[in-house]
Amino acid sequence: MKITEIDFYLCHYPLPAPFMPSWIPGFPQHNNSCLITVVKTDEGIEGYSAMVGFLDESRGLVGMMRPFLVGRDPTRIENIVQVIRSAHYLGYKAFFMEVAMWDILGKKAGLPIYKLLGGGDGRIKAYASSGEIQEPKKRVEYIKEIQKMGFRAAKLRIRSMEFEKDIAVVEAVRNAVGDDFDIMVDANQGWPIHLGLVEWPRWDLKRAMRTAAVLEDLDVRWIEEPLFKHDYDGMAALRASTTIPIAGGEFNTDLYEFRDLIGGGCLDIVQPDVTLAGGILMGKKIAGMAEAANLQFSPHTWTNGLGFAANLQLMGSVHICPYCEFPFEPPGWVPEARDFMLKEPFTVGKDGYITVPDKPGLGVELDMEKILAHGEKL
Ligand SMILES: [Mg+2]
């Protein structure tokens, strides 16, 4: 099989309401912006993937990917990874392209990717992943809403300037849900985006330790990204100081960074995102390292519907994944906008579990009408 052509669509799908991501303080996000790729082959099979793409930075990547990949066999994925890794060294975040190769391989084999990777039971408990810093009252309303949807777990953002505000929101939610509900927290300190719009808190080890010490009483399931993504010593010291599991890795890349995170005793829950960390094959290798270190594994999914689909397939292939992140922050970040490029948005069952698609490849179909209506072909 050979890759004959690669189509790219830079899309800006309008959100139903502005969304204020805690990871870009003060910045209202109005669109789900992404670069969608359709990799075509001489056998007529197509593979899909997408990356987050805001402005024109995607154009250089598009120019490089075509000469790098056209003419190659998409089913030789280890070989493709080496080529994409070269683009990464040259400054292009191209690892998401690997996902399209798995989509092609799965369609060729007639199997979903998670089964090609070993196959777990195909169902994962989901947690609602909020994205904004909210007052306790508003956050409790959110929790009531997601409980009705079936969720039995949620992740809160704790990134206020004052320590007390971080604690207050967790306390309010714990009081509202009782004991039989998992609460995760995310401090978003791993890859701070600072546009100078508003103040944001820069955590150090002492703030992280102080927060963890108080959250122990509130039975928090994990603390995510409490420190910078390369502060391996800090994460290890924090982890040794608390009984709360430490999670991270969503913006770390390639095997060596995860070797250092895992070997350095930084994490309890390893969270690569296949579209950022190196692809599905890399994700499976990282899962193996995590398993050998007796850690858990719960990939980051907050990009878009295709990124979610790719990470979900990987989750379905391992047995150390306790939770699937389900990005959800109405009214702005809702499944219809998050997954606009898919014919069917992902949903969670009434039992709070998500089912890994069982169709070949990623198991998703593109909504080309919406992609063309909101995208520019590059
Ligand atoms: Mg996170």
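Remember, it's a predicted structure, so these values are computed and weren't measured experimentally.

1. Observations concerning the overall build of the protein chain
For the protein chain, the helix and strand inventory stands at 14 helices and 13 strands. In summary, the protein chain has a C-alpha radius of gyration of 20 Å against a globular reference of 21 Å for 378 residues, a match within 12%. Viewed in the frame of its principal axes, the protein chain has a C-alpha envelope of about 60 × 45 × 40 Å. Split into buried and exposed, the 378 residues of the protein chain put 58% on the buried side. Look at the contacts in the protein chain between residues 6 or more apart in sequence, and 74% of them connect residues 24 or more apart. Accessible area of the protein chain: about 14800 Å², with a carbon and sulfur share of 53%. Charge-centre separation for the protein chain: the mean point of 40 positive side chains lies 2 Å from the mean point of 51 negative side chains.

2. A few points about the environment of alanine 236
Take alanine 236: it is sitting in helix H8 (residues 232-241). Separated by 30 residues in sequence, alanine 236 and cysteine 266 have C-alpha atoms that sit 4.2 Å apart. With residues near it in sequence (within four places) discarded, alanine 236 still touches Gly264, Gly265 and Cys266.

3. Thoughts on the coordination of the magnesium ion
Donor atoms from the polypeptide that bind the magnesium ion are Asp186 (OD), Glu224 (OE) and Glu250 (OE), placed at 2.0 to 2.2 Å. If you list the donors of the magnesium ion from N- to C-terminus, the spacing comes out as D-x37-E-x25-E. One end of the pair, aspartate 186, is in strand S6 (residues 182-186); the other, glutamate 224, is in strand S7 (residues 220-224), with 38 residues separating them in the sequence. With a relative accessible area of 1%, glutamate 224 lands in the buried category.

4. Observations concerning the sheet that holds strand S3 (residues 46-52)
Spatially, four strands are ordered S3-S2-S1-S13 in an open sheet, and the strand pairing comes out antiparallel. At either end of the open sheet lies a strand with only one pairing partner, and these are S3 and strand S13 (375-377). Averaged over all neighbouring strand pairs, the angle between strand axes comes to 20°, with direction disregarded.

5. Some points on helix H6 (residues 163-177)
Within an α-helix, residues lying three or four positions from one another point in the same direction, as the helix has 3.6 residues per turn. Taking 1.5 Å of rise per residue, 15 residues should cover 21 Å, and H6 covers 22 Å from first to last C-alpha, within 8% of that figure. What H6 keeps buried is the set Phe163, Asp166, Ile167, Val169, Val170, Ala172, Val173, Arg174 and Val177. Here the buried face of H6 lies against helix H5 (136-149), strand S5 (153-157), S6, helix H7 (205-215) and S7. Immediately downstream of H6, the backbone of glycine 178 shows phi near 75°, a positive value.

6. Quick notes on the packing of H6 against H7
Interaxial distance between H6 and H7 falls to 11 Å at its minimum, and their mutual angle equals 30°. Compared by their axis directions, H6 and H7 come out roughly parallel. Of the two elements, H6 crosses H7, and the hand of that crossing is right-handed. In this structure, H6 uses Phe163, Glu164, Asp166, Ile167 and Val170 to contact H7, whose residues at the interface are Arg207, Arg210, Thr211, Val214 and Leu215. Of the residues contributing to the contact of H6 with H7, the split by class is five nonpolar, one polar and four charged.

7. Description of unusual backbone geometry
Note the cis peptide between proline 330 and proline 331, where omega equals 5°. The backbone of aspartate 219 shows a phi angle near 55°, a positive value even though the residue is not glycine. Note that aspartate 219 resides in the loop between H7 and S7. Even without a glycine there, the phi angle at glutamate 225 is positive, about 45°. Within the secondary structure layout, glutamate 225 lies in the loop between S7 and H8. Its relative accessible area of 4% is what places glutamate 225 among the buried residues.

8. Concerning the environment of threonine 347
Here threonine 347 lies in the loop between helix H13 (335-338) and strand S12 (353-355). Sequence separation between threonine 347 and leucine 378 is 31 residues, and the spatial gap between their C-alpha atoms is 31 Å. Setting aside residues no more than four positions away along its own chain, threonine 347 makes contact with Phe326 and Ile354.

9. With respect to the packing of aromatic side chains
Under the defined criterion, the tally for this structure stands at 14 aromatic pairs. Measuring from centroid to centroid gives 4.6 Å for tyrosine 13 and phenylalanine 340, while their planes differ by 5°, and the two rings are stacked. Here tyrosine 13, found in strand S1 (residues 3-19), pairs with phenylalanine 340, found in the loop between H13 and S12; they are 327 residues apart in sequence, far enough to count as distant. The same class applies to tyrosine 13 as to phenylalanine 340, namely buried. Measuring from ring centre to ring centre gives 5.0 Å for tryptophan 23 and tryptophan 302, while their planes differ by 70°; the resulting arrangement is edge-to-face. Of the two residues, tryptophan 23 is situated in the loop between S1 and strand S2 (29-41) and tryptophan 302 in the loop between strand S10 (296-297) and helix H12 (305-316); the sequence distance between them amounts to 279 residues. Members of the aromatic cluster, each reached through a chain of ring pairs, are Phe19, Trp23, Trp302 and Trp333. Above the plane of the ring of tyrosine 48 lies lysine 107, whose end atom (NZ or CZ) is 4.0 Å from the centre. Here the guanidinium or amino end of arginine 123 rests over the ring plane of tyrosine 353, the centre of that ring lying 4.4 Å away.

Quick notes on the rules
- Residues numbered from 1 in each chain as written.
- Predicted model: local features only at pLDDT ≥ 70, side-chain atom pairs only at ≥ 80, totals over all residues.
- Heavy atoms only, no water.
- Helix = DSSP H or I, 4+ residues; strand = E, 2+ residues; numbered from the N terminus.
- Rg over C-alpha atoms; globule rule 2.2 N^0.38 Å.
- Buried < 20%, exposed > 50% of the residue type's maximum accessible area, 1.4 Å probe, protein only.
- Contact = heavy atoms within 4.5 Å.
- Areas by Shrake-Rupley, 256 points an atom, 1.4 Å probe, with all protein chains shown as cover.
- Lys, Arg positive; Asp, Glu negative; His and termini not counted.
- Charge placed at Lys NZ, Arg CZ, Asp CG, Glu CD.
- Donors = N, O, S within 2.8 Å, 3.2 Å for Na, K, Ca; no water.
- Pairing = 2+ DSSP bridges.
- Axes fitted to C-alpha atoms, helices over the stretch in contact; angles between N-to-C directions.
- Expected span 1.5 Å × (residues − 1).
- Parallel < 35°, antiparallel > 145°, perpendicular 65-115°, else oblique.
- Left-handed = near helix turned anticlockwise from the far one by under 90°.
- Nonpolar A, V, L, I, M, F, W, Y, C, P; charged D, E, K, R; others polar.
- Phe/Tyr/Trp six-rings, centres within 6.5 Å; stacked < 30°, edge-to-face > 60°.
- Lys NZ or Arg CZ within 6 Å of the ring centre and 35° of its normal.

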